[in-house]
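Structure assessment
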Amino acid sequence: MIIIKTAEEIERMRLSCRLAAQTLAMIEPHVQPGISTDALNGLCHQFILDHGATPSPLNYRPSAHNPQGFPKSICTSVNQQVCHGIPGPRVLREGDIINVDITVCLNGFHGDTSKTFFVGPPTARNSKIVRVAAECLLIGIQTVQPGNFFNAIGNAIEEHARKNYCSVVREYCGHGIGRSFHEEPAVLHYANRDKIAKMQPGMIFTVEPMINMGKPDIRILADHWTVVTKDHSLSAQFEHTILITPDGNEILTITDG
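Below, the structure is looked at part by part. Since this is a predicted model, take the numbers as computed values, not measurements.

Let us look at the nonpolar core. Ile129, Ile153, Phe205 and Ile211 are the most contacted members of the largest nonpolar core, which totals 27 residues. Elements with a contribution of two residues or more to this core: helix H3 (127-142), helix H4 (151-163), strand E9 (204-207) and strand E14 (240-245). If one sorts the elements of this core by residue count, H3 sits on top with 7 residues. With near-sequence residues (within four places) excluded, Ile129 lies in contact with Ile97, Cys166, Ile211, Asn212, Met213, Leu234, Ser235 and Ala236.

In structure tokens:
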């Protein structure tokens, strides 16, 4: 069941989503050659705590392979890593790209956002995939309107990715968000014919397409979290949390101004 948020819940979501956006803005100047992904994690972790929130990924979803769940406070996915990269000793180098995925829980509500950064100046190798991924996010958001079916999002995103000779990862999708980190609906980012649910005012969910320079196929590394492209091609992602309003949508994961 897709949860329709009350006016009070929407206001709380605005606060949690704004803090997620502020965390992402805070870390941007630190994304430089020579810094480790664990150092980025430490900065974000402390910033989130200092603002009265907790990092949602930390200890998320324990399993037999990972009894304590996800071990860090943010996800850092570098180059061919698609998502769920675990921060560690890896040092960023000029020419890398890195997706930093931030989710915070503030006053019982989650806010989720991510951005792919260039490490050093953009290069001919990485500028296209970052551009196309950012465009796919915005094109997907443009379809978020009351009365539209959710499949409009994936149809628009995959059309744009294909026009640019890129592919869309199918195994991971956007999601509803609120009191829980992941709620209904599952928001598919690839073309599909699913017309089960229509968008309604008060729904809040993420749009977060993962775009590959090569084929869409992925595999999961031995840590049981990090997802990489099978063909070692670059992958980029951008994410916003979106509220459906009576006359359109509101991007919640933005900072003031």
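What follows concerns helix H2 (residues 37-50). A turn of α-helix holds 3.6 residues, and therefore any two residues three or four places apart point the same way. An ideal rise of 1.5 Å per residue puts 20 Å on 14 residues; H2 measures up with 20 Å between its terminal C-alpha atoms. Along H2, the residues that are buried comprise Thr37, Leu40, Asn41, Cys44, Phe47 and Ile48. Axial view of H2: buried residues confined to an arc of 135°, hence all on one face. If you follow the buried residues of H2, they end up packed against helix H1 (7-27), strand E1 (54-55), strand E2 (75-78) and strand E4 (97-106). Positive backbone phi, approximately 80°, marks Gly52, located one or two places after H2.

So, how was this worked out
- Residues numbered from 1 in each chain as written.
- Predicted model: local features only at pLDDT ≥ 70, side-chain atom pairs only at ≥ 80, totals over all residues.
- Heavy atoms only, no water.
- Core = buried A, V, L, I, M, F, W, Y, C linked by side-chain atoms within 4.5 Å.
- Buried < 20%, exposed > 50% of the residue type's maximum accessible area, 1.4 Å probe, protein only.
- Helix = DSSP H or I, 4+ residues; strand = E, 2+ residues; numbered from the N terminus.
- Contact = heavy atoms within 4.5 Å.
- Expected span 1.5 Å × (residues − 1).
- Arc of directions from axis to C-beta.

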